[in-house]
Amino acid sequence: MPRPDPEQPPAHDAHLHAATLKRLEQSSGRLAANAIARMDESLPWYRAMPPENRSWIGLVAQAGIAAFTEWFRHPETPQAISTDVFGTAPRELTRAITLRQTVEMVRTTIEVMEAAIEEVAAPGDESLLREALLVYAREIAFATAQVYAQAAEARGAWDARLESLVVNAVLSGEADEGAVSRAAALGWNSPEHVCVVLGTAPDGDSELTVEAIRRAARHAKLQVLTGVLGNRLVVIAGGSDNPLQVAKGLIGPYAAGPVVAGPVVPDLLAATRSAQAAAAGLKACSAWQDAPRPVLADDLLPERAMAGDPAARDQLVEEIYRPLEEAGSALLETLSVYLEQASSLEGAARMLFVHPNTVRYRLRRVTDVTGWSPSDVRSAFTLRIALILGRLAAADPQP
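In this report, we go over the structure that sits alongside the text. On a predicted model such as this, the values are computed, not experimentally measured, just so you know.

### Topic: the packing of helix H14 (residues 310–327) against helix H17 (residues 356–370)
Here is step 1 of the chain: Orientation of H14 relative to H17, taken along the N-to-C sense of each, is 125 degrees, at an axis distance of 9 Å. Compared by their axis directions, H14 and H17 come out oblique. By crossing handedness, the relation of H14 to H17 is classed as right-handed. Packed against H14, whose contacting residues are Glu-319, Ile-320, Pro-323, Leu-324 and Ala-327, the element H17 presents Arg-365, Val-366, Val-369 and Thr-370 at the interface.
Here is step 2 of the chain: Here the residues of the contact of H14 with H17 sort into 6 nonpolar, 1 polar and 2 charged.

### Things to note about empty space enclosed by the protein
Here is step 1 of the chain: By the definition in use, this model includes 2 cavities of 30 Å³ or more.
Here is step 2 of the chain: Its volume calculated, the second largest cavity comes out at about 50 Å³.
Here is step 3 of the chain: Contributing elements (two or more residues each) for the lining of the second largest cavity: helix H1 (11–42), helix H7 (117–120) and helix H8 (126–172).
Here is step 4 of the chain: Split into classes, the residues belonging to the lining of the second largest cavity amount to 9 nonpolar, no polar and no charged.

### Side note on the pattern of salt bridges
Here is step 1 of the chain: Tallying each qualifying case throughout the model produces 10 salt bridges.
Here is step 2 of the chain: Residue Arg-378 is joined to Glu-303 by a salt bridge in which the shortest nitrogen-to-oxygen separation is 2.6 Å. Within this pair, whereas Arg-378 is found in helix H18 (residues 377–395), its partner Glu-303 is found in helix H13 (residues 301–306), the two being separated by 75 residues in sequence. For the pair shown, Arg-378 and Glu-303 are each scored as buried.
Here is step 3 of the chain: Between Asp-309 and Arg-304 there is a salt bridge; the shortest N-O distance is 2.9 Å. A single burial state applies to Asp-309 and to Arg-304, both of which are buried.
Here is step 4 of the chain: Where salt bridges share partners, they join Glu-318, Arg-322 and Glu-325 into one cluster.

Conventions and cut-offs
- Residues numbered from 1 in each chain as written.
- Predicted model: local features only at pLDDT ≥ 70, side-chain atom pairs only at ≥ 80, totals over all residues.
- Heavy atoms only, no water.
- Axes fitted to C-alpha atoms, helices over the stretch in contact; angles between N-to-C directions.
- Helix = DSSP H or I, 4+ residues; strand = E, 2+ residues; numbered from the N terminus.
- Parallel < 35°, antiparallel > 145°, perpendicular 65-115°, else oblique.
- Left-handed = near helix turned anticlockwise from the far one by under 90°.
- Contact = heavy atoms within 4.5 Å.
- Nonpolar A, V, L, I, M, F, W, Y, C, P; charged D, E, K, R; others polar.
- 1 Å grid on protein atoms, 1.4 Å probe; cavity = no way out; pocket = protein on both sides within 12 Å on 5 of 7 lines; lining within 4 Å.
- Points joined across faces, edges and corners; volume = space filled by probe spheres on them.
- Salt bridge = Lys/Arg side-chain N within 4 Å of Asp/Glu carboxyl O.
- Buried < 20%, exposed > 50% of the residue type's maximum accessible area, 1.4 Å probe, protein only.

Function cannot be inferred from these measures alone, as they are strictly geometric.
Structure below.
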């Protein structure tokens, strides 16, 4: 007489399993309807959703119950639950409902199925069905996490490409309405004050550098668009009208070397001007060995002008030379003589045949008009370059 195979289920158990499976198949439609009704009753966010999204969620619930039925039919066969269940809904559904809401949806469906075990299982098969449902619930939880993790990774990669396009457009001077739209898709809400900060990117993973910038920006309460282009770390920052303060708040992730903050501009479209000033400042910064870190691009105007930056030359002429010229020849003459006399009040007074107090008064007027103090060594250097460029422009006016 042959001995029974211990790995084969007894005939009575197989009969119970088949009976339970048949009853489960017959009840699947009703269970899905009950799950949807329970969601509508207990989940406010579900009731508030558009009909299209509610229908997709209904399909997911039906697919989940159908997948469990197949799981119960062949418990020893690996099941691709994420494909079976979540593949019925479009990828956009992961944007329409959050991970927390998906967990609530799955929990509600499992609770409905659990409450129906006594009714669905064949008499004597309740424990087996309950155990199978527990294992299936665990697998569904893992599948849910996997779906949202994959969606987050895909969205993160897409967002990174979008952000790189925006940053590159601003830096290359090609920012347009398309760049503004892409920035808006990344969460940029058009702050009033924008500036660009440039410096050297550290070695290593650029994604870690970008994430460090984001943490620093959150701490400083700034909006940022950032990226590593070549060996440069570029940050477009919004939310502050103080570019030096912005640069100080974000300086941590930059590698050693100069960090330059461009001037504040009103919006992202104008950020190209700030980026170009910062890039010119970064290029010319080596000429000022004692430059602070970070440094404003406007503080590097003399070096930028000498390095061939036409915007810096125009700015020095328009913001220093022209106002002094309009204020009267006495200020230009006094400033020129004072600088030629090695910043000596008495020497300048003798050359001008005026009292030293007159020279002192005129120099204060120079500071009021230009914002640069002739008595400060660095400012005096800037003023001297502005005078030179202004005279060159006056001698060779553009047609």
